[in-house]
Structures are given as C-alpha cells and as structure tokens.
Amino acid sequence: MAMQSPAAVAEAAAPIIRFDGVTKRFGALTVLDDFSFAVAPGEKVTLIGPSGSGKSTVLRILMTLEPFQEGTLTLGGHGYHQPGGAGAFRASEKHLRAIRCNVGMVFQSFNLFPHMSVLRNITEAPRAHGVPRAEAEGRALDLLGLVGLADKKDHFPAQLSGGQQQRVAIARALAMRPRVLLFDEPTSALDPQLVGEVLGVIRSLAHEHDLTMLLVTHEMRFAREVSDRVCFFNKGRIVEQGDPERMFRSPEHPETRAFLQSVLA
Amino acid sequence: MMYGLAWDTSTPLAFATSILPILLIGLTVTVKAALAGFAIAIVMGLVFALLRRSRIRAVSWTTAFVVEFLRDTPLLVQLFFLYYVLPDYGVVMPAFLTGVLALGLQYSAYTSEVYRGGIDAIPRGQWEAATALNLSRLTVYRDIVIPQVVPRIVPAMGNYAVAMFKETPVLSVITILEMLGLANMIGEQTYQYLLPLTMVGLIFLLLTLICSAAIHQLERRLPKAGVPLK
Ligand SMILES: Nc1ncnc2c1ncn2[C@@H]1O[C@H](COP(=O)(O)OP(=O)(O)O)[C@@H](O)[C@H]1O
Ligand SMILES: [Mg+2]
C-alpha cells in the first residue's frame with residue numbers, strides 16, 4: 001500500500017487519544033465492545049453514524065463523564081483503565097482530574113451556567129484553578145473576541161440566542177486551554193439559521209494546528225470540509241474511516257453507503 | 001410583678017399595657033431562639049444533605065439514619081433527652097443552648113430534605129459542564145449548585161422558618177422563659193389567663209404574617225436562574 005491508513009498515521013505520531021480494547025456497558029446493553037481507536041495530536045476527527053451507535057459514549061468516556069468496564073484509555077500520556085466487570089473500580093478523583101486537564105467539551109445543549117454572566121461563565125474554571133482574576137478576565141475577553149461576542153460579556157445566558165450561547169460555551173471550553181476539544185452535536189439544538197455562526201467558530205478553530213478536535217455532527221458538508229479523518233460508526237464499531245473526500249465520494253462499506261445515502265438525500 | 005415590672009389589673013386595658021413589656025421581654029427570647037435555631041437548621045440541613053450524597057456508603061447511610069431519626073421523633077422527646085438525660089453522661093448545657101440545639105437539629109432534618117430536592121433538580125448538564133471544566137467538588141457546590149438551589153428552596157425554607165417560630169413555646173418545658181411561659185406565669189399569679197394568652201396569640205400572628213410577607217418578597221426578588229455571579 002502506497003498510502004498509510006489514517007489509523008496507522010495516528011499510531012506513528014504517539015497518539016494523544018488511545019482507546020485500547022475498551023468495553024462499555026449500560027446494564028445488559030453493550031455499547032462499546034473491545035473498542036480500539038487512536039487520534040494523533042492536532043488531528044481533526046469527525047464521528048458520524050446513526051443515532052444510538054455510541055458516538056456520544058466515546059466522547060463522554062473521554063471527558064470522564066462515563067466509567068467503562070474493560071480496557072485502557074490513554075489521554076495525553078495519562079493511562080486510565082478500569083478493569084474488572086460492573087464498573088466496580090473507580091479511578092481516583094485525583095487521577096481523573098489529571099486526565100481532564102487535557103480535555104474540554106462542548107455539549108449539544110450548551111450547558112452554560114444560567115446564574116453567571118457570560119464573562120463569569122468563561123472565567124469560572126481558570127479562577128477556580130488559581131489564575132488571578134484580572135488575567136482570567138483578559139483571557140476571557142480575548143476568547144469572546146474570537147467567537148465574536150465581546151459586546152455580550154455582561155449578559156446572562158438567558159439573554160442570548162442559542163447560537164450565541166453555544167459560542168460562549170466554546171469560549172468557556174477553550175479558557176482552560178485544553179489540548180483536546182470534544183464537540184457532541186454542537187449545532188443539533190439550534191434553529192437552522194443559527195447553525196452557520198457556530199460552525200464558523202468551529203471552522204476557525206480547526207485551523208489551530210495544535211488543537212486536537214473530535215467532533216460528532218450530522219452536518220456532513222461541514223465534516224468533509226474541516227476533518228482530517230471521518231469515522232463512520234455503527235453499533236459501537238468503526239465500520240469505515242478515512243479521508244473525508246474519499247469517504248463521501250466513494251464509501252467502501254455498504255453500511256456507510258446506506259447511511260450517507262439516507263442523510264445526504 | 002416580674003422583671004421589676006408590676007401589673008395593674010384594674011381594667012383590661014391597664015392590664016394589657018402593664019404586661020406588654022413583660023411579654024416583649026419574652027418575645028426577645030422567642031425571637032433569639034427561633035433565629036439561632038433556624039441558623040443551625042440552614043447550616044446543618046446543608047451538611048446533612050451533602051453527607052447524604054457522599055460516595056462513601058457508611059457516611060451516606062449513617063446520615064440517612066440520623067435524619068430519619070430526627071424527623072420521626074417528637075421535638076419534645078429530643079428536648080427532654082438533651083436536657084435531662086445528657087447531664088447524666090456529663091454533658092451539661094444551659095437551657096437556652098439545649099433548646100436552640102434541639103429546635104435546630106430537628107429542623108435540619110426537614111431542611112436537609114429541602115436541600116436534597118433542590119440539588120436533585122439541578123439539570124445533569126450542569127454537573128457535566130462542571131466536570132468538563134475540571135472543577136473540584138467544593139467549587140461545584142459553592143459556585144454552581146448552591147447559587148442555583150437557593151431560589152428554588154426559598155419558599156419551602158420560609159415555611160419551615162415560620163413553623164419553627166411557632167414551635168418555640170415548647171421550649172418553656174425546659175424552663176426557658178419565652179413569651180408563652182411568661183404569659184402562663186402571669187396567669188398563675190393573677191388568675192387571669194384570657195388576656196395574656198390572647199396577647200401572645202396576636203403577637204405570634206402578627207410576626208408570622210410579617211415573616212411570610214418578607215419571604216414572599218425575597219422569593220420575588222431572587223432571579224429564577226439563581227443567585228447571580230458576575
Ligand atoms: N445513561 C445511559 N443509560 C443507559 N443506556 C444509555 C445511556 N447513555 C446511552 N445509552 C445507550 O447507549 C447507546 C449509545 O448511545 P450514544 O452514545 O448516546 O449514541 P449516539 O451518540 O451515537 O447517538 C444507545 O443505545 C443509548 O440508548
Ligand atoms: Mg449522541
């Protein structure tokens with residue numbers, strides 16, 4: 001083979017994210033079964049696939065929002081495993097916090113803190129981590145500039161549109177300077193006319209060379225445009241992955257073809 | 001005569017005006033006990049609610065048991081226990097402190113349920129966002145959870161404040177001279193119960209109404225989204 005597969009490239013560059021044989025169950029339901037997956041530093045990866053296929057679960061495990069039952073997860077050099085069935089073992093809070101340092105997440109439903117001003121939403125985490133107030137606010141104002149909301153710093157979330165709220169949520173996630181940023185359907189809760197402004201912000205982030213991005217989205221055109229690699233998920237497995245142009249032009253697996261036909265129709 | 005104040009039983013009006021200062025002295029005891037008791041209930045209720053959410057089973061179960069015990073035994077029993085039984089084991093406290101503790105602890109059990117309901121009502125996304133920002137548990141409760149819980153629980157807390165205020169006369173059984181106890185003593189000495197007791201009832205009514213109105217105002221003033229943080 002002349003070209004290395006994207007998975008092999010990720011392997012070569014000492015991946016920042018690596019799932020090794022991870023199994024995740026919700027009671028009797030196995031969502032991820034012996035799942036292995038790696039992402040290289042700076043890589044922009046999009047997960048696509050039908051609803052219920054386990055895309056959110058992958059992101060939520062990375063964000064340490066979900067424990068898993070078997071296998072190992074490595075994130076920015078921090079190993080993290082939960083061997084032994086039924087989630088009996090929990091990694092220590094200290095260990096989880098070391099892992100979380102590397103990761104930020106943008107949620108479908110924004111999840112801004114409703115009682116905090118926009119500025120405070122963004123400065124909350126840095127301040128809690130010991131960054132002096134003035135410095136945290138300076139950083140927050142820069143980030144608000146980046147997402148085009150510098151004039152909204154004293155507003156409260158309820159005074160903003162969904163698109164504006166999601167842009168604040170992106171700024172909030174960036175304030176902790178994560179190496180990996182996760183997006184779980186960031187535009188799915190938005191009115192169609194507000195999708196563009198959020199995608200615009202994410203697009204500009206995709207130009208950040210050092211930022212690793214893992215994005216779950218149903219915006220196929222956008223996925224094609226910003227990703228280095230697209231992974232098609234079905235029933236907790238990556239059925240097919242590769243270069244976005246190739247994936248969307250000539251999907252190899254029949255399941256991928258069927259899915260793309262249904263969403264692009 | 002009480003506290004150096006003599007009463008005048010010549011006419012009902014003279015009687016009322018002469019015992020009012022005595023009752024007001026009792027009222028200060030009542031109000032102090034209610035305020036101190038409620039302060040304990042607000043703090044300990046939160047402590048109980050948080051302990052009950054502990055990941056350590058032994059802690060959460062013990063707390064659940066203690067809360068259930070406090071809720072399901074009469075205040076009077078707790079009061080007698082603290083005042084008459086504990087001294088046998090070397091724990092001697094002044095009557096006022098004992099009374100305030102008993103009131104505060106019993107109401108902590110009620111307020112802990114209010115806190116629990118309030119905390120459970122915080123949407124899961126708030127906790128997840130806090131985790132994603134790597135906030136410590138202390139920060140999550142202090143900055144995210146409590147400020148959002150407060151407006152939700154003001155009405156229920158207010159009801160308990162009023163209920164506790166009305167329950168303070170029970171303290172007279174452990175020799176605390178609060179308003180009702182004094183009225184009763186005036187009755188014993190003058191053989192006139194109707195007027196002192198009616199006055200006590202009216203004073204309670206008046207203060208309860210004021211209290212309820214204040215809580216209602218507070219409820220209206222607090223933003224629904226939570227105590228704002230700039
Ligand atoms: N907390 C949970 N409890 C039980 N089942 C869950 C839970 N979260 C997700 N699931 C199940 O796991 C599967 C994968 O869900 P998810 O990762 O959210 O899929 P996707 O994001 O691809 O739509 C689904 O069948 C879903 O019902
Ligand atoms: Mg999902």
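- In the annotation of an unreviewed UniProt entry, chain B is listed under the name Polar amino acid transport system permease protein and assigned to Pseudochelatococcus lubricantis.

- The name an unreviewed UniProt entry assigns to chain A is Polar amino acid transport system ATP-binding protein, from the organism Pseudochelatococcus lubricantis.
- UniProt annotates chain A under Sequence similarities (unreviewed entry) with the comment "Belongs to the ABC transporter superfamily."
- The UniProt entry for chain A carries the following comment under Subcellular location (unreviewed entry): "Cell membrane".

### Details of the overall build of chain A
Item 1. Per the secondary structure count, chain A includes 10 helices and 10 strands.
Item 2. Long-range pairs, those at least 24 residues apart, make up 63% of the contacts in chain A between residues at least 6 apart in sequence.
Item 3. Summed over all atoms, the accessible surface of chain A reaches about 11,400 Å², with 51% contributed by carbon and sulfur.

### With respect to the pairing of strand β7 (residues 180–184) of chain A
Looking down a regular strand, the side chains alternate between one sheet face and the other.
All names here are of chain A.
Item 1. Most of β7 sits inside the fold, with 5 of its 5 residues counted as buried.
Item 2. What you see with β7 is no split at all: Val180, Leu182 and Asp184 on one side and Leu181 and Phe183 on the other are buried throughout.
Item 3. Direction of pairing for strand β6 (residues 103–106) relative to β7: parallel, over a ladder of 4 bridges. From the neighbouring strand, methionine 105 faces β7, where its bridge partner is leucine 182.
Item 4. In this fold, β7 hands off to helix α7 (residues 192–206), which returns the chain to strand β8 (residues 212–216); that crossover is right-handed.

### Some details on the site of ligand 1
Residue and element names in this part refer to chain A.
Item 1. Neighbouring ligand 1 are the residues Phe26, Leu29, Val31, Pro50, Ser51, Gly52, Ser53, Gly54, Lys55, Ser56 and Thr57.
Item 2. Within the backbone of serine 53, an N or O atom sits 3.2 Å from an oxygen atom of ligand 1.
Item 3. Out of a free accessible area of 560 Å², ligand 1 has 62% covered by protein chains.
Item 4. Per-element tally for the shell around ligand 1: the top contributor is helix α2 (residues 55–62), with 3 residues.

### Let's talk about the interface of chain A and chain B
By a widespread convention, an interface's size corresponds to the accessible area lost as its parts come together.
Item 1. Listed per partner, the contact involves 29 residues of chain A and 24 residues of chain B.
Item 2. Interface area for chain A against chain B, summed over the two sides, is near 2,300 Å², with a carbon-plus-sulfur share of 57%.
Item 3. Among the residues chain A hides against chain B, the three largest losses belong to Phe113, His115 and Arg120 of chain A. Together they make up 25% of the total.
Item 4. As a salt-bridge pair, glutamate 128 of chain B and arginine 60 of chain A come within 2.8 Å of each other at their nearest N and O atoms.
Item 5. At the boundary of chain A with chain B, the tally comes to 8 residue pairs in polar contact (both at pLDDT 80 or more).
Item 6. Only α3 (93–100), β6 and α4 (118–128) of chain A provide two or more residues apiece to the side of chain A that touches chain B.

### Section: the sheet that holds strand β3 (residues 44–48) of chain A
All names here are of chain A.
Item 1. An order of β6-β7-β8-β3-β9-β10 is seen for the 6 strands of this open sheet, with the pairing classed as mixed. For this open sheet the edge positions go to β6 and β10 (237–242), each flanked by a neighbour on one side alone. Sheet twist, expressed as the mean angle between neighbouring strand axes with direction ignored, is 20 degrees.
Item 2. Of the pairings in the sheet, the one linking β3 to β8 comprises 4 bridges and is parallel in character. Bridge pairing in β8 places valine 45 opposite leucine 214.

### Side note on the pairing of strand β1 (residues 17–26) of chain A
All names here are of chain A.
Item 1. With 7 bridges connecting them, β1 and strand β2 (residues 29–39) associate as antiparallel partners. If you follow phenylalanine 26 over to β2, its bridge partner there is leucine 29.
Item 2. Hairpin connection from β1 to β2: 2 residues lie between these consecutive antiparallel strands, with glycine 27 at a positive phi of about 60 degrees.
Item 3. In this sheet, strand β4 (residues 70–75) lies alongside β1 in antiparallel orientation, the contact comprising 5 bridges. Counted as the bridge partner of isoleucine 17 is leucine 75 from β4.

### A closer look at the UniProt feature "transmembrane region" (unreviewed entry) in chain B
Item 1. Within this numbering scheme, the UniProt entry marks residues 20–51, 91–110 and 193–215 of chain B as carrying the feature "transmembrane region" (unreviewed entry).
Item 2. Helix makes up 96% of residues 193–215 of chain B and strand 0%, whereas the separation of the span's terminal C-alpha atoms amounts to 33 Å.

### Describing unusual backbone geometry
Residue and element names in this part refer to chain A.
Item 1. Despite not being glycine, asparagine 111 has its phi angle at roughly 55 degrees, a positive value.
Item 2. Tracing the backbone shows asparagine 111 in the loop between β6 and α4.
Item 3. Of note, arginine 177 is a non-glycine position whose phi angle comes to about 50 degrees, a positive value.
Item 4. Position of arginine 177 among the secondary structure elements: in the loop between α6 (162–174) and β7.

### Let's talk about the nonpolar core
Item 1. Ranked by internal contacts, the top residues of the largest apolar core, which has 71 residues, are Ile17, Phe19, Phe37, Leu47, Leu182 and Leu214 of chain A.
Item 2. For this core, the element with the most residues is helix α6 (residues 137–167) of chain B, which contributes 9 residues.
Item 3. With residues near it in sequence (within four places) discarded, leucine 47 of chain A still touches Phe37, Lys55, Val58, Leu59, Leu215, Val216, Thr217, Cys231 and Phe233 of chain A.
Item 4. One finds Leu160, Phe183, Leu194 and Val226 of chain A within the second-largest nonpolar core, a separate group that totals 35 residues.

### A look at a nonpolar patch on the surface
Item 1. A cluster of nonpolar side chains, Ile42, Val43, Val47 and Leu51 of chain B, forms an exposed patch at the surface whose accessible area comes to about 280 Å².
Item 2. In this fold, leucine 51 of chain B is placed in helix α1 (residues 12–52).

### Considerations on helix α2 (residues 57–72) of chain B
All names here are of chain B.
Item 1. Compared with the 22 Å implied by 1.5 Å per residue over 16 residues, the 22 Å span of α2 between its first and last C-alpha is a close match.
Item 2. Here α2 has its buried residues at Ser60, Thr63, Ala64, Val67 and Leu70. Projected down its long axis, α2 carries its buried residues within an arc of 135 degrees, all on one side. Looking at α2, the residues exposed on the side facing more than 90 degrees away from the buried face are Arg57, Ala58, Trp61, Phe65 and Asp72.

Scoring rules and cut-offs
In this numbering scheme, every chain counts its residues from 1 along its sequence in written order. The order in which chains are written sets their letters, starting at A; the order in which ligands are written sets their numbers, starting at 1. Residue-level local features of this predicted model are given only where pLDDT is at least 70; pairs of side-chain atoms are given and counted only at 80 or more, and the full residue set underlies all totals for whole chains, interfaces and linings. Neither water nor hydrogens contribute to the side-chain values; these are computed over all heavy atoms in the structure. UniProt positions are given in the numbering used here, feature names are shortened, and annotations may be inferred rather than shown by experiment. Only runs of H or I of at least four residues qualify as helices and only runs of E of at least two qualify as strands under DSSP, and these elements are numbered from the N terminus. Any two residues whose heavy atoms approach within 4.5 Å are treated as being in contact. Only the protein chains shown count as covering a residue, and every accessible area follows the Shrake-Rupley method with a 1.4 Å probe. The rule is simple: take the accessible area with a 1.4 Å probe, protein chains only, and divide by the maximum for that residue type; under 20% is buried, over 50% is exposed, in between is partly exposed. Any two strands with at least two DSSP bridges between them are considered paired. Note on handedness: a crossover is taken as right-handed if, strands pointing away from the viewer, the path from the first strand over the helix to the second is clockwise. The cutoff for a nearby residue is simple: one of its non-hydrogen atoms must lie within 4 Å of the molecule or strand. N or O atoms closer than or at 3.5 Å make up a polar contact, with two conditions inside protein: a donor-capable atom paired with an acceptor-capable one, and, for residues adjacent in sequence, both atoms drawn from side chains. By convention, the term buried area covers the 1.4 Å-probe accessible surface removed from two parts as they join, with the contributions of both added. Salt bridges, as used here, are contacts in which a Lys or Arg side-chain nitrogen is within 4 Å of a carboxyl oxygen on Asp or Glu. Lines fitted to C-alpha atoms define the axes here, with helix axes fitted over just the stretch in contact, and angles between the N-to-C directions of these axes take values from 0 to 180 degrees. Take the buried residues of types Ala, Val, Leu, Ile, Met, Phe, Trp, Tyr and Cys, join any two whose side-chain atoms come within 4.5 Å, and each joined set is a nonpolar core. To count toward a patch, a residue needs a relative accessible area above 30% and no salt bridge. Like charges then connect within 9 Å, nonpolar side chains (Val, Leu, Ile, Met, Phe, Trp, Tyr) within 5 Å. How far a helix is expected to stretch is found by multiplying one less than its residue total by 1.5 Å. Directions from the helix axis toward the C-beta atoms define the arc.

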